Amino acid sequence: MQFQILCPRNAWAAAFYGSWALTASAASTGQSDILNHVNPLIGTANGGMVKAVADTIGENQAGFAFDTQYVTGFSHMHDSGTGGSPSLGNFPIFPQPYCPNDDINQCKWQLNDRAVAWKKDSVKARPGYFSISLENGVQAEMTTTNRSALYRFTFDGASSQSLSPVILVDLIDLPQSRTSGTADVDRTTGRLTGNGTFNPSFGIGSYDLHFCIDFKGAELRETGTWTKNRAGTAPNTVSMLADGTNTPSSLSAGTFARFHSPANNSILARAGVSFISVHQACANAERELPNFDFEETRSAAEDAWREKLNVVTVDASGVSDDFQEIFWSGAYRSLISPQDYTGENPLWDSDEPYYDSYYCIWDSFRSIHPLLTMVDPLSQSRMLRSLIDIYRHEGYLPDCRMSLCKGFTQGGSNADVLMADAYLKKVQGIDWDTAYEAVVKDAEVEPANWNVEGRGGLHSWKSLGYIPTDDFDPYGVGTHTRSISRTVEYAYDDFCIAEMAKGLGKQADYEKYTNRSRNWAHMFKADQTSSLNGSDTTFTGFLQPRYMNGTWGYQDPIFCSPLLNFTSCYLNPDGHETYEGSSWLYTFYAPHDMGALIHALGGAENFTSRLEYLHQSGLLYVGDEQAFLTVFQFHYGGRPALSAKYSHFYIPSQFNTTVAGIAGNDDSGAMGSFVMLSMMGLWPVPGQDVYLITPPYFKEVSITNPLTGKTATIRNENFDPSYKAIFIQDARLDGKKWTNNWLTHAFFIEGGVLELTLGSTESGWGTRKEDLPPSLSHYQ
């Protein structure tokens, strides 16, 4: 994962200023400021966070990565942990203390030529702030507002050459996707403006972005333009045409401002951005940063974090600093995307909110959005309204979206899950009639290009009850892979539609989609075995490919696990029949029909044994989001204690405080939300009104609903901060005995106290059939 300064979820052009604010009482943390427990550098080795930050050479999907050497610029917009191609990073600015021999053509202009090493001990990161020192004598600090970034460049002045700083802007982006662009400089003020056309990192189409950069702190000496490695004081405009001859990888260009020596050795640079126009980019910056006040802006960014996360408090008595840092840093990373672009959507006029950077709902429906529904239901409502408005104007709910463009669909139509989840949990302000219309269209109408919306293979889905390998599908265009994973995802999507249909009084639809939700079983080959290292695993029955004529194909159940060809199941034409995971993993995916699945796998004991084997054998990579639910699925087998055990198995072994302390790419905060939810002790089953109960990692966790003002508290009795006593012996909800190993969202709407008595051995709590979570088929 990489690192950027964040803006809150209700902002988008920022530094370390994320979607929430973080706070807790001094009594609950032992410190006056919970931001002291947030470490934005966690996971910044091995490749994502958001907004204004240093851009480095290497695996730089989101700008800065700790395991790099060179900085090439500082850009103002990034997406968090996108996991593939770099995203955004448009119009980087780059400061140089002087040009050798005072000759502007001896300064470095092109990206690779200007790259300068950064000092490994210099990085400071905190919500609302990022700082780094470069070997050229520049210290760069940055902070943000909603649609603007403020940089402070301090020059050490130690060189024998006279200090005459040059700050350039480059018509480029991180993925070097620019097709055209124009930059201008105002000779009188030094204002740098411009725009460019770019491609999204994981989708189709293109987008236009505009910038406006002003300076304060030094007298302007001269301005100019540069192309490749030549610069001049005339003209004041440079354009890169979309003729294929000036791609960013071979040729870039921009403008610059050169200054006399600043009185205090520092210059402030204010950057505004807009998807609408240069005028709006300038207006954004002028409105949000009228005084270039760096410390005031930084303080406001921190306050925004504190205001948002004061809905969560913990009693961390006895809990190590590391575990507190893991938790609050996970919370910080959870709350970045999607981002609020309301007022910056040039595609259509609407009074509805517009959110962007859904990277991707396939990732985020499992933990990010359920977490938002718990702690920030207003933002979740606005995001769903935005998705529905996208449907109104573009015809389908997106499964992924970024930079105003349609993103690639990885599996099912997972916005259907978000809609059902919000409907069941009574999220307010949603046009449920249009929402239902949209999810039914996903299920019934195949789009022309189902790579970027809706579902493909719907004719086979309806007639055969599964997605065949080598499907014949003349009705639309898409990548004909993932027959197993698409089948189980479509089945769950249809279950979610059935839940909405039932609540809306559409009985015929309820029965139809409930029946279709059972289609996962059509890919289950009961006699399929699996071997590992040449030895049979003793487990029988796995999902397998199936052809249109009903005959079976074969994919080794361990294929695309960490033990066999792990990277062979991506979104490409030869990507095989499961997506980013093995048949071993996907065979566990029927969260609505666990009674039938457990029966198919030989009963609760065999199910539990197989699930433990998945976690112990090396077959599971917890850095992909499909793995999250398997950590807690022991609840369905009547062994909730094992869910607690395996939660602690992954935290802190895979999620910790190091720069490599995330199991996988953060995927816009998915990994952070896994940590936060796991450590709070209530795992949501997305698309259902179900939370699986495990003990929190703290003596007490409280969540105050921002809309109702009611507080839900989970309290551990006999809490053991060494985590030897992590098994529930008894539970009481508002003083009454509670035997279900799950509860509903009413707990967060109405408030209450869930008291868990803990012990060091597994008990009988939550193990009876009547204690288990709901299932479409009865537990046998």
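What you are looking at is a predicted structure, and each value in this text was computed from that prediction instead of being measured.

Draft legend 1. Representation of helix α10 (residues 432–444) in the model. Counted at 1.5 Å a residue, the expected span for α10 with its 13 residues is 18 Å, and the 18 Å between its end C-alpha atoms agrees. Taken as a whole, α10 has its buried residues at Trp 432, Thr 434, Ala 435, Tyr 436, Ala 438, Val 439, Val 440, Asp 442 and Ala 443. Contact partners of the buried residues in α10: α8 (377–394), α9 (415–424), α11 (458–463), α12 (483–503) and α13 (507–517).

Draft legend 2. Quick look at the sheet that holds strand β11 (residues 192–198). Taking strand neighbours across the sheet as the criterion, the 9 strands line up as β5-β6-β7-β8-β17-β12-β11-β10-β15 in an open arrangement whose pairing is antiparallel. In this open sheet, the two edge strands, each paired with only one partner strand, are β5 (124–126) and β15 (237–240). Across the sheet, the axes of successive neighbouring strands diverge by a mean angle of 15 degrees, strand direction being ignored. Across 4 bridges, strand β10 (residues 180–185) lies against β15 in antiparallel orientation. Paired with Asp 184 across the bridge in β15 is Thr 237. Each of β8 (148–155), β11, β12 (207–216) and β17 (266–274) is contacted by helix α3 (residues 278–288), which is oriented at about 130 degrees to β17, the strand it contacts most. In the packing of helix α4 (residues 294–309) onto the sheet, contacts are made with β5, β6 (129–133), β7 (138–144), β8 and β17, and the angle to β7 comes to roughly 50 degrees.

Draft legend 3. Spotlight on the UniProt feature "domain: Glycosyl hydrolase family" (unreviewed entry) in the chain. The UniProt entry lists residues 280–759 under the feature "domain: Glycosyl hydrolase family" (unreviewed entry), expressed in the numbering used here. Structurally, residues 280–759 comprises 39% helix and 14% strand, and the distance from its first C-alpha atom to its last is 59 Å.

Draft legend 4. Representation of the nonpolar core. Formed by 207 residues in total, the largest nonpolar core has its most connected members in Phe 74, Ile 132, Tyr 151, Phe 153, Phe 655 and Phe 674. For this core, the element with the most residues is α12, which contributes 11 residues. Among the domains, domain 1 (34–306) and domain 2 (341–454) are the pair contributing at least three residues each to this core. Judged by nonpolar contacts, the second largest core, of 6 residues, contains Leu 150, Leu 268, Leu 289 and Phe 292.

Draft legend 5. View of the side chain of Ser 334. For Ser 334, the location among the structural elements is in helix α5 (residues 321–334). Exposure remark for Ser 334: the relative accessible area of 1% places this residue in the buried category.

Draft legend 6. Structural context of the pattern of salt bridges. Applying the stated rule across the entire model yields 39 salt bridges. Overlapping salt bridges bring together Asp 416, Glu 444, Arg 455, Lys 462, Asp 494, Lys 512 and Arg 516 as one network.

Draft legend 7. Representation of the packing of helix α7 (residues 368–375) against helix α19 (residues 670–680). The N-to-C vectors of α7 and α19 enclose an angle of 50 degrees; their axes lie 9 Å apart at closest approach. Here α7 lies oblique to α19, going by the angle between them. With respect to the hand of their crossing, α7 and α19 are arranged in left-handed fashion. Here α7 contributes Ile 368, Leu 371 and Met 374 to the contact with α19, which in turn contributes Ala 670, Ser 673, Met 676, Leu 677 and Met 680.

Draft legend 8. Main features of unusual backbone geometry. Pro 235 follows Ala 234 through a cis peptide bond whose omega is -5 degrees. Positionally, Pro 235 belongs in the loop between β14 (230–232) and β15. Here the amide bond leading from Ile 651 into Pro 652 is cis, since omega sits at 25 degrees, within 30 degrees of zero. In this structure, Pro 652 sits in the loop between α18 (640–650) and α19.

Draft legend 9. A look at α19. The buried fraction of α19 is high, at 11 of 11 residues. Taken together, the buried positions of α19 are occupied by Ala 670, Met 671, Gly 672, Ser 673, Phe 674, Val 675, Met 676, Leu 677, Ser 678, Met 679 and Met 680. Looking one or two places after α19, you find Gly 681, whose phi comes out positive at around 90 degrees.

Draft legend 10. Expanded view of the sheet that holds strand β28 (residues 711–717). Read from one edge to the other, the open sheet built from 6 strands follows the order β18-β27-β28-β32-β29-β30, with strand pairing classed as mixed. Each end of this open sheet is capped by a strand with a single partner; those strands are β18 (312–315) and β30 (736–737). When β28 meets strand β32 (residues 752–759), the two strands line up parallel, connected through 6 bridges. Looking across to β32, one finds that Arg 715 is bridged to Glu 755.

Draft legend 11. Focus on the environment of Ala 234. Positionally, Ala 234 belongs in the loop between β14 and β15. Beyond its immediate chain neighbours, meaning those up to four positions away, Ala 234 contacts Arg 187 and Thr 225.

Draft legend 12. Region of interest: the pairing of β10. Side chains Gly 181, Ala 183 and Val 185 project from β10 onto a buried face, and the interleaved Ser 180, Thr 182 and Asp 184 project onto a face without burial. Bridge count between β10 and β11: 6 bridges; the pairing is antiparallel. Across the sheet, the residue bridging to Thr 182 is Asn 195, located in β11. The turn linking β10 back onto β11 is made up of 6 residues, and Gly 190 within it adopts a positive phi angle of 80 degrees.

Draft legend 13. Representation of the domain arrangement of the chain. Split by domain assignment, the chain resolves into domain 1 (34–306) and domain 2 (341–454). Placing the centre of domain 1 and that of domain 2 at their C-alpha centroids yields a distance of 32 Å. Between domain 1 and domain 2, the residue contacts involve 20 residues of the former and 20 residues of the latter. Looking only at domain 1, the three residues that lose the most surface to domain 2 are Phe 202, Ile 204 and Phe 275, adding up to 44% of its buried area. Of all the secondary structure elements, the ones that give two or more residues to the side of domain 1 that touches domain 2 are β17 and α3.

Draft legend 14. Focus on the layout of surface pockets. Roughly 310 Å³ of volume is contained in the second largest pocket. Contributing to the lining of the second largest pocket are 15 residues, with Phe 495, Glu 499, Lys 502, Tyr 510 and Pro 774 lying nearest its centre. Counting only elements with at least two residues in the lining of the second largest pocket, the list comes to α12 and α13. Top element by residues in the lining of the second largest pocket is α12. It accounts for 5 residues. Residues belonging to the lining of the second largest pocket are distributed by class as follows: 7 nonpolar, 5 polar and 3 charged.

Draft legend 15. A look at the state of the cysteines. Under the criterion given, the structure shown has 4 disulfides. One disulfide bridge connects Cys 212 with Cys 282, the sulfur atoms lying 2.2 Å from each other. Looking along the S-S bond of the Cys 212-Cys 282 disulfide, the torsion reads about 100 degrees, which is the right-handed sense. In this pair, Cys 212 sits in strand β12 while Cys 282 sits in helix α3, placing the two residues 70 residues apart along the sequence. Here Cys 360 engages in a disulfide with Cys 400; their sulfurs sit 1.7 Å apart. Here Cys 360 and Cys 400 share a disulfide; its torsion about the S-S bond, -55 degrees, makes the bridge left-handed. A residue pair is termed long-range when its members are at least 10 positions apart, and Cys 360 in the loop between β20 (355–356) and α6 (361–364) and Cys 400 in the loop between α8 and β21 (401–402) qualify at 40 residues. Among the residues examined, Cys 360 registers a relative accessible area of 2% and is labelled buried. If the cysteines joined by disulfides in the chain are listed in sequence order, their pairing comes out as 1-2, 3-4, 5-6, 7-8. Not engaged in a disulfide, the cysteine Cys 405 finds its nearest cysteine sulfur in Cys 400; these two sulfurs lie 11 Å apart. No disulfide involves Cys 496; its nearest neighbouring cysteine sulfur is the one of Cys 360, lying 18 Å away.

Draft legend 16. Spatial organisation of empty space enclosed by the protein. In this structure, the largest cavity encloses a volume near 90 Å³. Split by residue class, the lining of the largest cavity holds 8 nonpolar, 1 polar and 2 charged.

Draft legend 17. Quick look at the confidence of the model for the chain. With 93% of its residues at a pLDDT of 70 or more, the chain has an overall mean of 91. This model gives residues 1–31 a pLDDT under 50, and the stretch forms 215 contacts once residues within four places in sequence are excluded. A low-confidence stretch, residues 46–50 stays under pLDDT 50, and its non-local contacts, those more than four residues away or across chains, total 44 contacts.

Each value, and the rule that gives it
- Residues numbered from 1 in each chain as written.
- Predicted model: local features only at pLDDT ≥ 70, side-chain atom pairs only at ≥ 80, totals over all residues.
- Heavy atoms only, no water.
- Helix = DSSP H or I, 4+ residues; strand = E, 2+ residues; numbered from the N terminus.
- Expected span 1.5 Å × (residues − 1).
- Buried < 20%, exposed > 50% of the residue type's maximum accessible area, 1.4 Å probe, protein only.
- Contact = heavy atoms within 4.5 Å.
- Pairing = 2+ DSSP bridges.
- Axes fitted to C-alpha atoms, helices over the stretch in contact; angles between N-to-C directions.
- UniProt positions renumbered as here; feature names shortened; annotations may be inferred.
- Core = buried A, V, L, I, M, F, W, Y, C linked by side-chain atoms within 4.5 Å.
- Domains from an automatic or database assignment.
- Salt bridge = Lys/Arg side-chain N within 4 Å of Asp/Glu carboxyl O.
- Parallel < 35°, antiparallel > 145°, perpendicular 65-115°, else oblique.
- Left-handed = near helix turned anticlockwise from the far one by under 90°.
- Buried area = accessible area lost by both parts, 1.4 Å probe.
- 1 Å grid on protein atoms, 1.4 Å probe; cavity = no way out; pocket = protein on both sides within 12 Å on 5 of 7 lines; lining within 4 Å.
- Points joined across faces, edges and corners; volume = space filled by probe spheres on them.
- Nonpolar A, V, L, I, M, F, W, Y, C, P; charged D, E, K, R; others polar.
- Disulfide = S-S within 2.5 Å.
- pLDDT = per-residue confidence, 0-100.

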